[in-house]
Every structure is written in C-alpha cells, then in structure tokens.
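Below, each chain spelled out in residue letters.
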Amino acid sequence: MPNQQFLHLTGKFLKWVVVPYKRILSISPYCLLGSAALALLSQVAMVVSFFLPLKIVFLLSADEVPVYISRVFPGVSLGQLLAILVAVSIGSYFLFLSANRYAEILSSKGGEDVVASASKLTLFSDQDEVARRAYFRFGSLLAGVLFLVFSLCLFWFFYHILFWIILFLLASCFFFIALVCHVNDGFIERFSSSLSSSVSQVYGVLFLFVFGLMVLHIVYLQEVNVYLSLVAVLLVRQLLQRLTTSTLDAVLLFRQKEKINALFLRDHPPVTSLTPHEGSCVELISAAESYRWRVVLGEVMKGHDVSGVDGEPPKVSLLQSSIVDIVVFLVAWGEREFLLKLYAGRHQLLSVRESDLLTNSERNLPSLGFVFASEVSGFKAHFYSIPEGGFSSDCTDFKARRDLFRARSFNCTPSEGILVKYMRSHLILADRVKEWNVYLSLSIFSGALEGWDVSDFISKVSSVLSELPLHYVTLDVTNDSLVTVGDEVVCLHWERWSIEPVGFGLSAPELEVGHLKKVLDTSRCHDLELHAVRLCGLAAIVEGHLNNQKFKAACDFLALAKQCLEEMDEERVSG
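Right, let's walk through the structure included here. Given the structure is predicted, the values throughout are model-derived calculations rather than measurements.

### Quick look at unusual backbone geometry
- One non-glycine residue, Asp325, adopts positive backbone phi at about 70 degrees.
- Along the chain, Asp325 turns up in the loop between β1 (315-319) and β2 (326-333).
- With a relative accessible area of 11%, Asp325 lands in the buried category.
- Positive phi outside glycine occurs at Gln549, with the angle close to 55 degrees.

Now the structure itself:
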C-alpha cells in the first residue's frame, strides 16, 4: 500500500474492523467470544506451563515446603508438592493445545454461519478457507486485546511500575514508527515486504527495553520479590508474543478486507474482476506522474550510475503492456531515454527469469539493452536502454514486424553454458512429444492418424524435431510487445522465454508453406528443411491443444502434422 502514511492506515483499519465485528456478533456471538476466550485461556495456560518448571527447579534445592505454600496446602510434603506441580505443568500444556484446537473448530463453525447468513452464491474457489481463517483471526485479535487488558490489570495491582513501563513503551513504539513512515516514504513497503520477521523484531526489541527497565527498577529503586519478577518477565514475554500475533492478524485481515466484506456483509457489492488485487500496479500507475514518485525513480537511477538533469526528476509516460500487472513506462531524463518495467508481486518469478536471461551475455537476442534490475516503490523494476532515435511500434503493421522478429529470432542460438543449465531443468519439445502416447491412444485421434501406429508416429516426430537447431523463444509476441528500433524489430517481453527447436511458437497462419518459406529465406536459415520447421510448429500447437483438452482442435492439427511428415518422407525418397 504505497504512499499511505502509517497513522492514516491505522485509522482506516480501526474504522473498517468495527463493521465485520458488528456483523459477526449479530450472527454468531458465542463462536466469536468462545474462540477469543479459548485463545486467551491457551495464552494463560502457556504462561503457567512455562513458569511451573522453573518453580520446580527452585524447589529441588529446598529442604522443606515454602511457608506461603504450606499455608495454602497444609500438610503437603515436598515430594507431593513437586508431583502436583509437574502434573499441573503437563496439564497446562495440554490445555494450551486443546484450547487452540477447539478455538479453530469454533472459528470454522462461526465462519460458516456468517457466510450462510449473507445468502450469496459461491464467490471464490477458496471462500470456505478464507472465511475460516478470517473468523479465526477476528477471534485471535479480540483475544489479543483481552490479554493486553488482563495483563495490564495484573500489573496495575501487583507490579504498578511495570504497568506504566509497558504503556509508555507501546505508545512510544507506535508513534516512533509513525514518525519514521512520515519521514521515509519507502519504509512501509520495506517493512511489509518481510512483515512477519519485521513485526517479531519490533516486539523483540520492546521486550529487551522492558526487561532492562525492570532490572534498573529492581536494582536501583526498589526490591521486588524474585518470584513476582519471574512471573512478570514470563507474562511480558507472552504478552508481546500475543501482540505480535495480533498485529499480523490485523494486517492480514486488512489486506483481505474486500473478500471479507463480500463474504460477511450481506449488502456489500461482490469483488469484481476490476477490483485491484493485493500487489497489483493500479495504484502505481495513478501515482507515476506525481513529483514524489519521479524523485524516487531518479534516486534509484542515480544509485545505478545513471545521471540526468540536475535538480529535475525524470519524465514518465505510460506505455501499453501486453501482460497484466507488468507496467511499462517510457522514462526520459535529460538527453537519454529508458524503458522501465515494473512487476507486481505475483510476477516476481517472471522478473527473475528475464534478468537471468538478459544478464548472461546473450547479446544476440532481439531485445532492448538490459541496463540493470532494481526496486522502485516496492516493485521489482527492470531498466532498458533505448538507442538514439527511440523506437516505434506503429511504423509497420504487426504482421510485418512479427515476420522480421521471427527471422531474427531463428538465429538466436543459446550459448553452451545456458543450454546446459536449461536442459538440466527443462524438456524441449522433441522430448515432450514422447509423452503423447496417453493422449493419442484415445479413439478420438484414430482418424487423424489413419495409417500410422501411434508409437511410430511419435517416434518419427521426435526424431525430426531433435535434428532441428535450438533457439530462444518468447511467448509474448503481440502488437504491444514488438517495437521497431532502427531497421530491427525487438520484443519488450522475455519473461516467459524458453529454448525450443526452430518453428516452435509460430501461429497457424505463419505455418502456411509460402509464408514460412519467405520467413526462413529472410532469416538466413537456408539449410533448414521447411517441412521439418513446419512440423515443429504444428507439434507445438497440438501440444497446446492437448494441454487445454481441446481434442477436436488437436485432431485437426495432428492430421496436418501427419501430412507434413508424409511429405517429408516422399521428398527424401524422391531425392
């Protein structure tokens, strides 16, 4: 959630969370309160199960039962007392486990009741799990608040100074984080990128401060009973662990507020396909022309030795992208122009795949020059150099650009180093067709392969494809992704690259004999057998239809592949 201040987000959360709580309490109050009470009970049981073993260790060196215990349990021997404490400690731990388990059962039932009361059709494939986890987090969050109140009350009555220490440090931590977020715009993004560990570290530091102030108080100001201090330390530790869980629950609930509202609130409009999901680039696009965002962009570029006009941020304009949640910008800074691609959270792997390819000295690829990879406003970013004169995507029609791109890409053979790594983790088409037996044995394909045994056909196709040279392939060949730079056509997207035989990835119109011959002649691949390249393209199309269970369409292209294979055999016999 970039460019939103901590206090503003906190206020939005507090304003929102009241609404689902009201709805839950009106539908299934007993499940929610029971879940919260059980979560609170499990926390208390955990404190007891941690404290009693320490008490038992102290008693092992004692000669008799302490006076304050004999007053409560007169006549108990030291051995009996130790046995009782061991049993209570073990029982407390099992109580902790049982309470947590039953809290989840109540949450599941409560979530089902609230969703059923909304009287809506199924909205998401995982809505039952979303509802259950949300209900459990609402109960856990309420339990965290109750445990905080319970602990503060104990401190107020039994350890008054600790009450003020906890209150002061919690308030100081909250306003310190708010101040840091106000001064540093990128703090929230960096903090939320490793949310769990960051929150744990904050509360861990808080515990050290509390412990340090307790020691100073005991040593210099007032003597405190050692058992009271020990219980207080354990309780503070458990309290901060519970606050860690509650903070994470609050953030995760707020991140899913649209789904929760749609599931729990009867009159709330459903989540539509236009609703930006977590980590999408929609907010970034709207903010990209702001002065602050451009300043951040300029700082990133300067950090990678890219200089522009002193005192002026880069100029940014949006370009059309052909992949959802990959945003492309044209960045002009001084006399230089760059292409910037920003990847939403769900495309992290794609960004890594492209940078792996473009930073491995594969300079013969028809792509823009890769400058560096970085991060801008929490999004993975790739920067590319644009040659002098810029580029254009409309100087020629798409089909002409596509043919020029294909002609050049046919000559983009991978280096030995990349090829070895790729073959260790991927199968090329020549190997994948060997797995077609399970499909082509179906009766629906018998007509398409008339006159051929399935095993013989697959073996022959695999043999032909294995003789073709390998080249780099990108699946994202669209009107938006192909641009003209000088006399060459390059592709802006190499995220979904692969290494395949020449012919892979060509569309059905591109596989027409006359058209394919023209492209091959342009590509300097004169020694390639046209029918072999065409067979590879047809096999790739068949593979796509089989994977999508479009068996009728697969039959049609399978018949063309068989015809292509027979024509190859005839030419070789006549030759």
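### Things to note about the pattern of salt bridges
- Per the counting criterion, the structure on display carries 14 salt bridges.
- In this structure, Glu488 engages Arg408 in a salt bridge whose closest nitrogen and oxygen atoms are separated by 2.9 Å. Here the residue Glu488 occupies a position in strand β8 (residues 488-491), and Arg408 occupies one in helix α14 (residues 398-409), the gap between them amounting to 80 residues.
- Overall, Glu488 belongs to the partly exposed group, its relative accessible area being 42%.
- Because the salt bridges share partners, they merge into one network encompassing Arg402, Asp403, Arg406 and Glu510.

### Describing the packing of aromatic side chains
- The tally for this structure, following the rule as stated, stands at 22 aromatic pairs.
- Look at Tyr21 and Phe138: their rings are 5.1 Å apart centre to centre, the planes differ by 65 degrees, and that puts the pair in the edge-to-face class. Of this pair, Tyr21 sits in helix α1 (residues 6-27) while Phe138 sits in helix α5 (residues 127-158); the two residues are 117 residues apart in sequence, bridging distant segments of the chain.
- According to the relative accessible area criterion, Phe138 is buried, its value standing at 0%.
- In this structure an aromatic cluster arises from ring pairing among Phe13, Trp16, Tyr21, Phe138 and Phe254.
- The ring centre of Phe207 lies 4.9 Å from the NZ or CZ of Arg237, which sits over that ring.

### Structural notes on the packing of helix α19 (residues 513-522) against helix α20 (residues 530-547)
- Two numbers describe how α19 lies on α20: the axes approach to 10 Å, and their chain directions differ by 110 degrees. Viewed along their axes, α19 and α20 adopt a mutual orientation that is roughly perpendicular. Pair α19 / α20 crosses with right-handed handedness. When α19 is examined against α20, the residues Val513, Leu516, Lys517 and Leu520 are found in contact with a partner set consisting of Leu530, Val533 and Arg534.
- Across the contact of α19 with α20, the residue classes break down as five nonpolar, no polar and two charged.

The rules we used
- Residues numbered from 1 in each chain as written.
- Predicted model: local features only at pLDDT ≥ 70, side-chain atom pairs only at ≥ 80, totals over all residues.
- Heavy atoms only, no water.
- Helix = DSSP H or I, 4+ residues; strand = E, 2+ residues; numbered from the N terminus.
- Buried < 20%, exposed > 50% of the residue type's maximum accessible area, 1.4 Å probe, protein only.
- Salt bridge = Lys/Arg side-chain N within 4 Å of Asp/Glu carboxyl O.
- Phe/Tyr/Trp six-rings, centres within 6.5 Å; stacked < 30°, edge-to-face > 60°.
- Lys NZ or Arg CZ within 6 Å of the ring centre and 35° of its normal.
- Axes fitted to C-alpha atoms, helices over the stretch in contact; angles between N-to-C directions.
- Parallel < 35°, antiparallel > 145°, perpendicular 65-115°, else oblique.
- Left-handed = near helix turned anticlockwise from the far one by under 90°.
- Contact = heavy atoms within 4.5 Å.
- Nonpolar A, V, L, I, M, F, W, Y, C, P; charged D, E, K, R; others polar.

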